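Here is how the chains run, residue by residue.
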Amino acid sequence: MKKINIFRILPLLIVISAVTVFLMYNNQLNKKFIGLEVNSIIVKRNNWQLRTTEFYLQNGLRIDSTFKNNFDLKIGDSISKKSNTNIFSVYRKENGKYLFYKKSAID
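Reading the values: the criteria
- Sequence order as written defines residue numbering, which begins from 1 separately in each chain.
- Given that the model is predicted, a residue must reach a pLDDT of at least 70 before its local features are reported, and side-chain atom pairs must reach 80 or more before they are shown or counted; all residues, however, enter totals for whole chains, interfaces and linings.
- Each side-chain value is worked out from all heavy atoms of the structure, with water and hydrogens disregarded.
- For two strands to pair, DSSP has to find at least two bridges joining them.
- Going along the chain from the N terminus, every DSSP run of H or I of four or more residues is numbered as a helix, and every run of E of two or more is numbered as a strand.
- Angular values range over 0 to 180 degrees, each being the angle between N-to-C directions of two axes fitted as lines to C-alpha atoms, with helices fitted over their stretch in contact.
- pLDDT measures the predictor's confidence residue by residue and takes values from 0 up to 100.
- To count toward a patch, a residue needs a relative accessible area over 30% and no salt bridge; like charges are then connected within 9 Å, while nonpolar side chains (Val, Leu, Ile, Met, Phe, Trp, Tyr) are connected within 5 Å.
- The Shrake-Rupley method, run with a 1.4 Å probe, gives the accessible areas here. Residue values count only the displayed protein chains as cover.
- Salt bridges are defined by distance alone: a side-chain nitrogen of Lys or Arg within 4 Å of a carboxyl oxygen of Asp or Glu.

Asks: Can you lay out the pairing of strand S5 (residues 87–94) for me, pointing to particular residues and giving the numbers?
Replies: Relative to S5, strand S4 (residues 78–81) runs antiparallel, the two being bridged by three bridges. Each bridged residue has a counterpart across the sheet, and for serine 80 the counterpart in S5 is serine 89. The loop that links S4 with its antiparallel partner S5 comprises five residues; one of these, asparagine 84, has a positive phi angle of about 60°. Note: S5 against strand S6 (residues 97–105), eight bridges, orientation antiparallel. In the strand pairing of S6, phenylalanine 88 is matched with serine 104. Where S5 hands over to S6, the hairpin turn is made up of two residues, of which asparagine 95 adopts a positive phi near 55°.

Printed below as a string of structure tokens:
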């Protein structure tokens, strides 16, 4: 009887572990982004998760746009940020020049 109970709990433990690892990984990426100075261009967009859109920068960093933080970014936008802050500026290219578009913040 005890084996049956363990096999019923095992899938739940696997799901909880996977979600925990995913949240810890994303938290580390956000801390890395906040800690570094950034002057880079968005080169790739991915929304395979359907709830989150990932924007990849030239320097290898990533910005996640969710329902909570919907950033309205496009490929080719320039991101500028000072170190140790969660606020970043977005510059959009118009007529061959980058012009200030908006400021955003990662929570």
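Asks: Describe unusual backbone geometry, and please don't skip the residues or the numbers.
Replies: You will see that asparagine 84, though not glycine, has its phi angle at about 60°, which is positive. Along the chain, the position of asparagine 84 falls in the loop between S4 and S5. Positive phi, normally seen in glycine, also occurs at asparagine 95, with a value near 55°.

Asks: How would you summarise the sheet that holds S5 if you had to cite specific residues and measurements?
Replies: Strands sit in the order S3-S2-S1-S4-S5-S6 across an open sheet of six strands; the sheet is antiparallel. A single partner strand is all that each edge strand has here, and the edge strands are strand S3 (62–65) and S6. Ignoring which end each strand starts from, the neighbouring axes of this sheet average 35° apart.

Asks: Can you lay out the confidence of the model for the protein for me, pointing to particular residues and giving the numbers?
Replies: Predicted coordinates in regions of low pLDDT should not be interpreted in detail. Confidence along the protein averages 85 in pLDDT terms, with 92% of residues attaining 70 or more. Mean pLDDT per element in the protein: helix H1 (residues 2–35) is the minimum at 82, and S4 is the maximum at 93.

Asks: I'd love a proper account of a nonpolar patch on the surface, names of residues and values included.
Replies: Together, Val15, Val19, Phe22 and Leu23 make up an exposed nonpolar region whose accessible area comes to about 360 Å². Residue position: valine 19 is located in helix H1.

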